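Here is how the chains run, residue by residue.
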Amino acid sequence: GILAIACAVGSFMGAALSLAFFKTEIASINLGLAGYNSALTLPAIFFFLVPSLSSIPLGFLGVCVTLVVQSMLSSIFSSWSLPIMTLPFCLATLPFLLVDTDAVCIGEKPSVNIIALTDLTTPEEHFTRFGDSDKFYCMDPYKEAKSDHHKIFYELNDGKVTEKFSCNS
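Because the structure is predicted, anything quoted here is derived from the model rather than measured.

A word on the overall build of the chain
Step number 1: A tally of helices and strands in the chain yields six helices and five strands.
Step number 2: The burial tally for the chain puts 35% of its 169 residues in the buried class.
Step number 3: For the chain, long-range pairs separated by at least 24 residues make up 52% of all intrachain contacts whose partners lie at least 6 apart in sequence.
Step number 4: In the structure as shown, the chain presents an accessible area of about 10,000 Å², 66% of it carried by carbon and sulfur atoms.

Structural data, given as structure tokens:
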């Protein structure tokens, strides 16, 4: 499904970008060293975020950050002859999961939704449950008030609107 495709695309992107921008040797690319961490990063982003058109650029950015971190750690760890293993994936993916992306609104809908840990299943299920445009939306109840930067997020469950959280944007 979505994770398998994301894994293949992440690996391809990692190998191609490593060759183009980081001048990685072909032997390293053939061994899979250039695309391995990227092959983990892209599926992780699609696993913890609702798959949407807004999460695709975040996935691409995640792969790019992974490659930069991988390049830096390779330089540091090579002086001690230590492998970097999946440390670039861990360090590059964590900020994407810690950022409150629910607070980013485009119009009246959040552009990206992070799935709560208790609701994690598969990206296909996340898309089915949360991907339609009516599940999450944000409203500005203070349009006539002085500050129109306050957003309240609501969730539609079984026809009932419940407040999810509020934030200042």
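The structure having been displayed, the exposition proceeds.
Details of helix α1 (residues 2–21)
One full turn of an α-helix is made of 3.6 residues, so residues set three or four places apart face in the same direction.
Step number 1: Between the first and last C-alpha of α1 there are 27 Å, a value that for 20 residues agrees with the 28 Å anticipated at 1.5 Å per step.
Step number 2: Within the sequence span of α1, burial applies to Ala 6, Gly 10, Met 13, Gly 14, Ala 15, Leu 17 and Ser 18.
Step number 3: Those residues of α1 that are buried lie in contact with α2 (26–31), α3 (36–48) and α4 (55–78).

A word on the packing of aromatic side chains
Step number 1: Overall, the coordinates contain two aromatic pairs when judged by the stated rule.
Step number 2: Their ring planes at 85 degrees and their centres at 5.1 Å tell us that Phe 47 and Phe 48 sit as a pair that is edge-to-face.
Step number 3: For Phe 47, a relative accessible area of 22% gives the class partly exposed.

Some details on the packing of α3 against helix α5 (residues 87–98)
A pair of packed helices is characterised by two quantities: the angle between their axes and the separation of those axes.
Step number 1: Two elements in contact, α3 and α5, have axes whose closest approach is 9 Å; the angle formed by their N-to-C orientations is 20 degrees. As judged from the angle between their axes, α3 and α5 are roughly parallel. As for the relative orientation of α3 and α5, their crossing is right-handed in sense. Facing α3, whose interface residues are Asn 37, Leu 40, Thr 41, Ala 44, Ile 45 and Phe 48, α5 presents Pro 88, Phe 89, Thr 93, Phe 96 and Leu 97.
Step number 2: Of the residues contributing to the contact of α3 with α5, the split by class is eight nonpolar, three polar and no charged.

What to know about the confidence of the model for the chain
Step number 1: Overall, the prediction assigns the chain a mean pLDDT of 78, with 69% of residues at 70 or greater.
Step number 2: Ranking the elements of the chain by mean pLDDT puts strand β3 (residues 136–139) last, at 47, and α1 first, at 95.
Step number 3: In the model, residues 137–153 has pLDDT below 50 throughout and makes 51 contacts with residues more than four positions away in sequence or in other chains.
Step number 4: Across residues 165–169, confidence stays below pLDDT 50; counting only partners more than four residues off in sequence or on other chains, it has 17 contacts.

Focus: the packing of α3 against α4
Step number 1: With their axes 9 Å apart at the nearest point, α3 and α4 run at an angle of 150 degrees to one another. One way to sum up the angle between α3 and α4 is to call them roughly antiparallel. The two elements α3 and α4 cross, and the hand of that crossing is right-handed. Judged by residue contacts, Asn 37, Ser 38, Thr 41, Leu 42, Ile 45 and Phe 46 of α3 engage Ser 55, Ile 56, Leu 58, Gly 59, Phe 60, Gly 62, Val 63, Thr 66, Leu 67 and Gln 70 from α4.
Step number 2: Considered class by class, the residues forming the contact of α3 with α4 number eight nonpolar, eight polar and no charged.

Procedures and definitions
- Residues numbered from 1 in each chain as written.
- Predicted model: local features only at pLDDT ≥ 70, side-chain atom pairs only at ≥ 80, totals over all residues.
- Heavy atoms only, no water.
- Helix = DSSP H or I, 4+ residues; strand = E, 2+ residues; numbered from the N terminus.
- Buried < 20%, exposed > 50% of the residue type's maximum accessible area, 1.4 Å probe, protein only.
- Contact = heavy atoms within 4.5 Å.
- Areas by Shrake-Rupley, 256 points an atom, 1.4 Å probe, with all protein chains shown as cover.
- Expected span 1.5 Å × (residues − 1).
- Phe/Tyr/Trp six-rings, centres within 6.5 Å; stacked < 30°, edge-to-face > 60°.
- Axes fitted to C-alpha atoms, helices over the stretch in contact; angles between N-to-C directions.
- Parallel < 35°, antiparallel > 145°, perpendicular 65-115°, else oblique.
- Left-handed = near helix turned anticlockwise from the far one by under 90°.
- Nonpolar A, V, L, I, M, F, W, Y, C, P; charged D, E, K, R; others polar.
- pLDDT = per-residue confidence, 0-100.

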